[in-house]
Amino acid sequence: MFLLGGLDLLLGGGSTVYGVLFLPVCALTALWVRKGDLLTAPVVVPIGFAVGLLPVIDGDAGFLGKLMSLVAALATQAPWLYAGTLIAGVTALARRVVRAARRRAMRKHMAG
């Protein structure tokens, strides 16, 4: 996400580009995460979103200025953040349900 934030900055800093690029990253994160860590996918994508905003925000007043710019950017980009988190959560949940169904079927097959 940090690299995508830098790319967004090079493309003119349009927040829509960053948000659109964030959505497939969320889906890929939920698909690539290890089976044992499926529940962490919806937690890490908002952190990645915030880290990716660092190159895009403009705060000139030192640390507090950057922090306030980050908070403002997170507030204005909330729909993208929520959509990406929902995508990651639904994808991870679907993977978990499929995994549980396979385990159940395997147990039935072994017992039967």
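Relevant structure appears above.
In this text, all values refer to a predicted model and were calculated from it rather than measured experimentally.

## Observations concerning the overall build of the protein
The helix and strand inventory of the protein stands at five helices and zero strands. Seen in sequence order, the protein has helices and strands lined up from the N terminus as α-α-α-α-α. Here the C-alpha atoms of the protein give a radius of gyration of 18 Å, more than 25% beyond the 13 Å that 2.2 N^0.38 yields for 112 residues. In terms of its C-alpha atoms, the protein occupies a principal-axis envelope of roughly 70 × 25 × 20 Å. For the protein, with 112 residues in total, the buried portion stands at 26%. Intrachain contacts of the protein at a sequence separation of at least 6 include 67% that bridge at least 24 residues.

## What about a nonpolar patch on the surface?
Together, Phe2, Val43, Val44, Ile47, Val51 and Leu54 line one region of the surface with nonpolar side chains, adding up to about 520 Å² of accessible area. No other element matches the four residues that helix H3 (residues 41-53) contributes to the nonpolar patch. The residue Val51 is located in helix H3 in this model.

## Remarks on the packing of aromatic side chains
Under the definition given, this model contains two aromatic pairs. Judged by centre distance (5.1 Å) and plane angle (50 degrees), the rings of Tyr18 and Phe49 are tilted. Taken together, the positions of Tyr18 in helix H2 (residues 15-32) and Phe49 in helix H3 put the pair 31 residues apart, joining distant regions of the chain. Exposure remark for Tyr18: the relative accessible area of 2% places this residue in the buried category.

## Concerning the environment of Leu81
Its place among the elements puts Leu81 in helix H5 (residues 78-111). For the pair Leu81 and Val44, spaced 37 residues apart in the sequence, the C-alpha separation amounts to 11 Å. Every residue in contact with Leu81, bar those within four places of it in the chain, is listed here: Phe22, Pro46, Phe49 and Leu74.

The rules behind the values
Residues numbered from 1 in each chain as written. Predicted model: local features only at pLDDT ≥ 70, side-chain atom pairs only at ≥ 80, totals over all residues. Heavy atoms only, no water. Helix = DSSP H or I, 4+ residues; strand = E, 2+ residues; numbered from the N terminus. Rg over C-alpha atoms; globule rule 2.2 N^0.38 Å. Buried < 20%, exposed > 50% of the residue type's maximum accessible area, 1.4 Å probe, protein only. Contact = heavy atoms within 4.5 Å. Patch = residues over 30% accessible without salt bridge, like charges linked within 9 Å, V, L, I, M, F, W, Y side chains within 5 Å. Areas by Shrake-Rupley, 256 points an atom, 1.4 Å probe, with all protein chains shown as cover. Salt bridge = Lys/Arg side-chain N within 4 Å of Asp/Glu carboxyl O. Phe/Tyr/Trp six-rings, centres within 6.5 Å; stacked < 30°, edge-to-face > 60°.

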